[in-house]
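Residues per chain are reported as follows:
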Amino acid sequence: MLNFKQNISSYLAIMFLVLNTWCIQKFSAQENENELEDLISGNKYLNYLLIPDSSASSSLLFFQARYLFMPKSNVLRWGGMHYNFGINISRFFSKKILLGISWNAKIFPGLTKQYFSQDFINDFNYYYNASQPNSNDSLRADILYKGINGLNNYRFRGSAFDNLFISFSPFPQKYGGIMLQFGTSSSYFPIYGKYPTEGLTKDNDPVDVYLAKDYCFELNFKPYKFFSSGREELIGQSWKGFYKYLIICFYYQKFNLQNATFNQQSLTRFVDQKFIDKYSSKNYFGFKIGYGLY
């Protein structure tokens with residue numbers, strides 16, 4: 001289900017992508033043109049900040065587009081295409097390193113299918129609480145039960161998430177361009193099926209399981225930068241040079257159900273705390289591949 005936070009993310013994503021392309025690439029290609037000279041008006045700091053030169057190893061803005069793979073055995077696993085947009089705060093006083101904040105977001109749930117083991121389903125059914133105080137909670141409990149058990153064509157499919165990262169790369173353009181990112185994560189897992197949503201969601205959106213306050217860590221590197229150093233210009237680059245921007249990432253996330261909600265209600269309303277405890281504090285590992293500019 002796309003909520004307000006996810007809708008805002010789509011606009012910010014477009015804005016960061018446009019700014020990144022304009023500031024990093026266009027400025028570099030137009031360094032000697034009158035248009036650029038008029039823009040910076042002889043401002044030395046603006047020239048330093050926005051126009052990369054041969055000594056610059058970092059950019060003010062950075063961007064990544066990657067696909068996440070995660071084992072099917074993980075309960076409520078993440079996966080699919082997503083984007084990372086960041087601002088390099090250290091660029092305001094240094095051309096050499098990358099140290100900033102970034103936002104990693106998957107806006108649309110996609111088609112990632114959840115595979116619940118029989119043990120997980122049995123545990124859920126054992127701790128499931130069918131007795132609810134009102135009709136809406138009874139409807140929620142029924143949807144969750146059928147979604148976990150795959151009844152009546154109710155199904156968990158797709159995931160959406162956003163991470164707020166601190167990003168750091170001591171050598172963005174050499175030694176593999178290794179970049180570390182760590183921060184917090186929020187995730188959404190919608191349930192699809194022909195069920196009534198009046199009183200539960202707006203515009204007939206699907207209900208979802210929401211996980212908050214999870215922690216995650218990424219180790220990114222650019223294979224090409226193990227064999228080459230220096231900034232690569234995107235403008236004028238042929239499609240054969242795409243490999244220069246290839247990003248590979250090892251991903252870790254701490255899975256936790258302690259703060260989980262279902263349709264904005266605590267998950268403990270529908271399942272016993274013992275189930276929450278059993279399936280919390282799990283270590284999830286994944287692999288990402290894509291491209292990036294930083």
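As the structure is a prediction and not an experimental result, all values here were calculated from the model. Sequence order sets the numbering: in each chain, residues are counted from 1 along the sequence as written. Selection of residues for local features in this predicted model requires a pLDDT of at least 70, selection of side-chain atom pairs for listing and counting requires 80 or more, and totals for whole chains, interfaces and linings are taken over all residues. Calculated side-chain values reflect all of the structure's heavy atoms, with hydrogen atoms and water omitted.

Q: I'd like a rundown of the pairing of strand S5 (residues 160–169), residues and numbers included.
A: Partly exposed residues are those whose accessible area sits between 20% and 50% of the maximum for their type, while under 20% is buried and over 50% is exposed, using a 1.4 Å probe and protein chains only. To qualify as a helix, a DSSP run of H or I must reach at least 4 residues; to qualify as a strand, a run of E must reach at least 2; elements of each kind are numbered from the N terminus. The buried fraction of S5 is high, at seven of 10 residues. Any two strands between which DSSP finds at least two bridges are classified as paired. Bridging between strand S3 (residues 98–106) and S5 involves nine bridges; their strand directions are antiparallel. Paired with Gly100 across the strands is Ser167, a residue of S5.

Q: Talk me through the pairing of strand S7 (residues 208–221); I want residue IDs and the actual numbers.
A: Pairing of strand S6 (residues 179–192) with S7, which is carried by 11 bridges, proceeds in the antiparallel orientation. Bridging from a neighbouring strand, Pro190 pairs with Asp208 of S7. Across two bridges, the pairing between S7 and strand S9 (residues 261–262) is antiparallel. By the bridge assignment, Val209 is partnered in S9 with Phe262. Alignment of S7 against strand S8 (residues 246–255), held across six bridges, turns out to be antiparallel. From the neighbouring strand, Glu218 faces S8, where its bridge partner is Tyr251.

Q: So what about helix H5 (residues 135–149)? Which residues, and what values?
A: For a helix, the expected span equals 1.5 Å multiplied by the residue count minus one. Here H5 contains 15 residues, and its C-alpha end-to-end distance of 21 Å stays within 8% of the 21 Å for a straight helix at 1.5 Å per residue. Of all the positions in H5, only Asp137, Arg140, Ala141, Ile143, Leu144, Lys146, Gly147 and Ile148 are classed as buried. Any two residues whose heavy atoms approach within 4.5 Å at even a single point are treated as in contact. Packed against the buried residues of H5 are helix H4 (118–127), strand S4 (155–156), S6, S7, S9 and strand S10 (265–266). Polar contact is defined as a pair of N or O atoms within 3.5 Å, subject to the rule that within protein one atom must be able to donate a hydrogen and the other to accept it, and that residues adjacent in sequence are counted only when both atoms are side-chain atoms. Measuring from the backbone nitrogen of Asn136 back to the side-chain oxygen at the start of H5 gives 3.2 Å, which picks out Asn134 as the cap. Just downstream of H5 lies Gly150, where phi reads positive at about 70°.

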